[in-house]
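Notes for the structure review
Listed below are the residues making up each chain.
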Amino acid sequence: MTHGLKILFLVNWAEGGSWPFLKAVAPYLAKADLLHARTFAHPPVSRVNPYSVKGSEFYLPLKALAMRRHYDLIVSWSLRMGMVYGLLNRIAGAKRGGLHVVQDFHVNPLRHDPAYRLRLQWLRLARPGIGFYWCTSSEEEVLYAQVFDIPRERLRFLPQAPPDRYLAYPILQHQDYVFAYGNIDRSFETLIRACADMKITVRILSQRYAPGGSLPKNVELIQSRMPEAELMRLAAQARLIVIPLQDYRIAAGQLSMLEAMALGKPVVVTENLATKEYAMHGETALFFTAGDTHGLRHNIQSLLESPHLAEAMGAKARMAVSTLHERRIAIFRDTVLGMAR
């Protein structure tokens, strides 16, 4: 059923018309348009692509401001973009255009450096130009309402979903190693301490992790960038996947968690306010407390010593995340239609 809503999405990547989310919500809307980062196919102009993608969070809001009267909703798909458009929207008069919605609204409560404090100040300045917020967990709905003095009804958790290509990837025969990967908010030191004397190889893929000393003999650090197909193969052939994160209060690691679960792998992951949204401990994943070396080691050993348990957990995980796309679309649809009533 098509409704009369007109929505303009702003995304910080080059989009060639294959974005599953837009395809799924478009049939429910009168109009669903997209502003995306500009990229170029051929050198030497293509050399500016990384800068164009990064700068899109600034130039796309400017373009959207000129178009806002033609839409009921302007949806910024990243927080930085939402802050920029929110400030512009506030200055230009928020009531003169469509309601502004920010997706991926979350902050890092552990950062207190001057640059991040300034960013939070800009966020507070942008708040009058933002009408609704999609959070990365249900716990943050309550938290951010209090911290930023946002009406509770203007925040809602919008779950992520794994890419279809991960769900469609074949189940491969595993090899004898544990796999971990990621660049942001990881605590690989916890993993290394937990596995230091284990008789199994631990492979860590990260371009940003720099160990403070020599690694144990059973730990391999891969710092080179690799195609996604190779990353998927490494993950799919692992005995299990570990996602060690820094702190419960930081919403991080959930996309890697969903990718691993979609591949049908047993996952050991730090419990934080975002990751706990996607699994049940002992059924579809194993959780451990941030920094808990002994808890992580116990979880890894329990899966290595019980291959049938690990296989069953991976199968349940894949089934569980296969429904997230439909759930995500339903929540988005019901919420935006509620805004229009």
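Here we summarise the structure given alongside this text. Just so you know, these numbers come straight off a predicted model, no measurement behind them.

Here the focus is the overall build of the protein chain. Per the secondary structure count, the protein chain includes twelve helices and twelve strands. Against the compact-globule benchmark of 20 Å for 341 residues, the protein chain has a radius of gyration of 21 Å, which places it among compact chains. When each of the 341 residues of the protein chain is scored for burial, the buried share is 49%. Sequence-distant contacts in the protein chain: of pairs separated by 6 or more residues, those separated by 24 or more amount to 68%. Approximately 16,600 Å² of the protein chain is accessible, and the part contributed by carbon and sulfur atoms is 54%. In the protein chain, the 41 positive side-chain charges and the 29 negative ones have mean positions that sit 8 Å from each other.

Moving on to helix α8 (residues 228–236). Listed as buried for α8 are Leu231, Met232, Leu234, Ala235 and Ala236. Buried residues belonging to α8 abut α6 (164–167), β7 (177–181), β8 (201–205), β9 (219–222) and β10 (240–243).

Right, let's get into the packing of aromatic side chains. In total, this model carries 18 aromatic pairs according to the counting rule given. When the centroid spacing of 5.9 Å and the interplanar angle of 65° are considered together, the rings of Tyr144 and Phe148 count as edge-to-face. Taking relative accessible area as the criterion, Tyr144 reaches 3% and is therefore assigned buried. The buried category is assigned to Phe148, whose relative accessible area is 4%. Taken together, Phe9, Trp13, Trp19, Phe21, Trp77, Phe132, Trp134 and Phe332 form an aromatic cluster joined through their ring pairs. Arg203 extends its terminal NZ or CZ atom over the ring of Tyr177, reaching a point 4.3 Å from the ring centre. The ring of Tyr28 carries the charged tip of Arg333 above its face, separated from the ring centre by 4.8 Å.

Moving on to the sheet that holds strand β12 (residues 286–288). Read across the sheet, six strands follow the order β9-β8-β7-β10-β11-β12 without closing on themselves; strand pairing throughout is parallel. Two strands bound the open sheet, and with one partner strand each, they are β9 and β12. Averaged over neighbouring strand pairs, the angle between their axes works out to 20° when direction is ignored. Looking at chain direction, β7 and β10 are connected through two bridges and run parallel. Counterpart to Val178 in the pairing with β10 is Leu240. Helix α7 (residues 188–195) contacts β7, β8, β9, β10 and β12 of the sheet and is inclined by roughly 170° relative to β8.

Here we come to the nonpolar core. Judged by nonpolar contacts, the single largest core of 32 residues is most densely connected at Phe179, Ile241, Ile243, Met257, Met261 and Val269. If you list the elements that add at least two residues to this core, you get β7, α8, β10, α9 (254–262), β11 (267–270) and α11 (307–321). Ignoring sequence-local partners within four residues, the contact set of Phe179 consists of Arg203, Leu205, Leu231, Leu234, Ala235, Ala238, Leu240, Ile241 and Val242. By size, the runner-up hydrophobic cluster in this structure holds 24 residues, among which are Val219, Leu240, Val242 and Ala310.

So, on to the side chain of Asn218. For Asn218, the location among the structural elements is in the loop between β8 and β9. On the basis of relative accessibility, which here comes to 12%, the residue Asn218 falls in the buried class. From its side chain, Asn218 meets the backbone oxygen of Ile200 in a polar contact 3.0 Å long. Contact partners of Asn218, with chain neighbours within four places excluded, come to Cys195, Ala196, Met198, Ile200, Thr201 and Val202.

This part is about the sheet that holds strand β6 (residues 155–157). Sheet architecture is open: six strands sit in the order β2-β1-β3-β4-β5-β6, paired in parallel fashion. What marks the edges here is a single partner per strand, and that holds for β2 (31–35) and β6. When strand polarity is set aside, the average angle formed by the axes of neighbouring strands in this sheet is 20°. Sheet topology places strand β3 (residues 73–76) next to strand β4 (residues 99–105); four bridges connect them, and they run parallel. Bridged to Ile74 within β4 is His100.

Together, Val45, Val48 and Tyr51 make up a nonpolar patch on the protein surface, roughly 310 Å² of accessible area in all. Mapped onto the elements of the fold, Val45 is located in the loop between β2 and α2 (49–67).

Quick notes on the rules
- Residues numbered from 1 in each chain as written.
- Predicted model: local features only at pLDDT ≥ 70, side-chain atom pairs only at ≥ 80, totals over all residues.
- Heavy atoms only, no water.
- Helix = DSSP H or I, 4+ residues; strand = E, 2+ residues; numbered from the N terminus.
- Rg over C-alpha atoms; globule rule 2.2 N^0.38 Å.
- Buried < 20%, exposed > 50% of the residue type's maximum accessible area, 1.4 Å probe, protein only.
- Contact = heavy atoms within 4.5 Å.
- Areas by Shrake-Rupley, 256 points an atom, 1.4 Å probe, with all protein chains shown as cover.
- Lys, Arg positive; Asp, Glu negative; His and termini not counted.
- Charge placed at Lys NZ, Arg CZ, Asp CG, Glu CD.
- Phe/Tyr/Trp six-rings, centres within 6.5 Å; stacked < 30°, edge-to-face > 60°.
- Lys NZ or Arg CZ within 6 Å of the ring centre and 35° of its normal.
- Pairing = 2+ DSSP bridges.
- Axes fitted to C-alpha atoms, helices over the stretch in contact; angles between N-to-C directions.
- Core = buried A, V, L, I, M, F, W, Y, C linked by side-chain atoms within 4.5 Å.
- Polar contact = N/O pair within 3.5 Å; in protein donor to acceptor, adjacent residues only side chain to side chain.
- Patch = residues over 30% accessible without salt bridge, like charges linked within 9 Å, V, L, I, M, F, W, Y side chains within 5 Å.
- Salt bridge = Lys/Arg side-chain N within 4 Å of Asp/Glu carboxyl O.

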